[in-house]
Amino acid sequence: MQECAIVDSHTGGEPTRVVIASPLEPGFGSLAERLQVFRERYDWFRSAVVNEPRGSEIIVGALLCEPQDPSYSAGVIFFNNVGYLGMCGHGTIGVMTTLAYLGRIKPGRHRIETPVGVVTTELLEDGRVTVHNIASYRHAKQVSVEIEGYGSVTGDIAWGGNWFFLVEDHGQKLHEEHIPQLTEFAWRIREALERSEITGANGALIDHIDLLAPGSHGASSKNFVLCPGKAYDRSPCGTGTSAKLACLAADGKLKPGEVWVQESIIGSRFQATYRIEGDQVYPSITGEAFVTLEGRLILDERDPFKWGIS
């Protein structure tokens, strides 16, 4: 019988399950190297932690790891119901809130090592967290793809820690009651991108679809983000907001330091700004997470669904 200690939280409605102690030994290389070990040797653990019957399709897992640099507050590998994430904005906010809950960090700036680079974060005195994300950029503007049953759809391809296809002119109503239809529509976009061999840089899979519309009650924009496992993001999506800021910056529609308020499909919000260093855009995303559970997951050898239902 194996066990792992977890702390659950949600950021704007989107859950994060932080694994604070586990039986894994992913090594001591870079987080990118340890992610490769995790993927090759311990994918069963990913499924056991986030999939049913212990989890659900919307949970994002975060495995805490010792950082290579002892001055960093933590290392983390993010994963979901179908695979791994290079970076996760809402998840980083959840990790920071969890570390504060456990008494491991205090308000101030902290660096977190991820497989796609070091992310600087800031735990604010009021409990909110600002994620100073990695460099984000637009890879391609106004790319058209033919969607089965819907016709042609045009969007931007951008990187914010994950690859996104961002669509504004989609003809869909971004309301909670339309989530099933939005899910189907966004999934068809993803399938069409793959079928048309439209990718991010170096042939990278575009595994997040971001539908955008005008915001409400002072929000700059509202979004519906479909994640790789066909679950929608309850939060405004930190990496998606970063990708959006990169597009706004490229078009000259948002100035450095100007606040962008991103609203999710369920009404939760992130505040976002960006800065320019050299010729690169660095977004900062501020949000709040709440701890909901502390406990242990038990992996019983007799359990036929020990490794999860995927």
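Scroll up a little and you will see the structure.
These numbers come from a predicted model, not from an experiment.

Draft legend 1. Looking closely at the overall build of the chain. Counting secondary structure elements, the chain contains five helices and 17 strands. For 310 residues, the compact-globule estimate of 2.2 N^0.38 gives 19 Å, and the chain sits close to it at 19 Å. If you line up the chain on its principal axes, its C-alpha atoms span 50 × 45 × 35 Å. Within the chain, the proportion of its 310 residues that are buried is 57%. Carbon and sulfur atoms form 47% of the exposed surface of the chain, whose accessible area is close to 13300 Å².

Draft legend 2. Molecular detail of the packing of aromatic side chains. In the structure shown here, the tally under the stated rule is ten aromatic pairs. An aromatic cluster is present here, built from Phe38, Tyr42, Trp44, Phe45, Phe79, Tyr84 and Trp307 joined pairwise through their rings. Directly above the aromatic system of Tyr232 lies the positively charged group of Arg234, at a separation of 3.8 Å from the ring centroid.

Draft legend 3. Structural context of helix H1 (residues 31-41). Within H1, burial applies to Leu31, Arg34, Leu35, Val37 and Phe38. One side of H1 carries all its buried residues, which in axial view fall inside an arc of 160 degrees.

Draft legend 4. Region of interest: the side chain of Thr130. Of note, Thr130 is situated in strand E8 (residues 129-132). Among the polar contacts listed, one links the side chain of Thr130 to the side chain of Thr286, at a separation of 2.6 Å. Residues within four places of Thr130 in sequence aside, it is in contact with Thr120, Thr121, Glu122, Leu124, Ser284, Ile285 and Thr286.

Draft legend 5. Seen up close, helix H3 (residues 89-101). Counted at 1.5 Å a residue, the expected span for H3 with its 13 residues is 18 Å, and the 18 Å between its end C-alpha atoms agrees. Of all 13 residues in H3, eleven are buried; the element is thus mostly enclosed. Every buried residue of H3 is accounted for by Gly89, His90, Gly91, Thr92, Ile93, Gly94, Val95, Met96, Thr97, Thr98 and Leu99. With its phi angle positive at about 80 degrees, Gly103 sits one or two positions after the end of H3.

Draft legend 6. Focus on the pattern of salt bridges. Tallied over the entire structure, the rule returns 15 salt bridges. Arg128 is paired through a salt bridge with Asp126; the nearest N and O atoms lie 2.8 Å apart. Arg138 is paired through a salt bridge with Asp156; the nearest N and O atoms lie 3.1 Å apart. In this pair, Arg138 is assigned in strand E9 (residues 137-147) and Asp156 in strand E10 (residues 151-159), connecting sequence segments 18 residues apart. Three or more residues joined by partner-sharing salt bridges are found here, namely Arg138, Lys141, Asp156 and Asp251.

Draft legend 7. Region of the structure containing unusual backbone geometry. Cis peptide bonds are those with omega within 30 degrees of zero, and the linkage from Glu52 to Pro53 qualifies with 5 degrees. Position of Pro53 relative to the elements: it lies in the loop between helix H2 (43-50) and strand E3 (60-65). With phi around 50 degrees, Gln142 is a residue other than glycine that occupies positive phi space. Structurally, the position occupied by Gln142 is in strand E9. For Gln142, a relative accessible area of 52% translates into the label exposed. Of note, Asn202 is a non-glycine position whose phi angle comes to about 60 degrees, a positive value. Secondary-structure assignment places Asn202 in the loop between helix H4 (179-195) and strand E12 (208-214).

Rules of the game
- Residues numbered from 1 in each chain as written.
- Predicted model: local features only at pLDDT ≥ 70, side-chain atom pairs only at ≥ 80, totals over all residues.
- Heavy atoms only, no water.
- Helix = DSSP H or I, 4+ residues; strand = E, 2+ residues; numbered from the N terminus.
- Rg over C-alpha atoms; globule rule 2.2 N^0.38 Å.
- Buried < 20%, exposed > 50% of the residue type's maximum accessible area, 1.4 Å probe, protein only.
- Areas by Shrake-Rupley, 256 points an atom, 1.4 Å probe, with all protein chains shown as cover.
- Phe/Tyr/Trp six-rings, centres within 6.5 Å; stacked < 30°, edge-to-face > 60°.
- Lys NZ or Arg CZ within 6 Å of the ring centre and 35° of its normal.
- Arc of directions from axis to C-beta.
- Polar contact = N/O pair within 3.5 Å; in protein donor to acceptor, adjacent residues only side chain to side chain.
- Contact = heavy atoms within 4.5 Å.
- Expected span 1.5 Å × (residues − 1).
- Salt bridge = Lys/Arg side-chain N within 4 Å of Asp/Glu carboxyl O.

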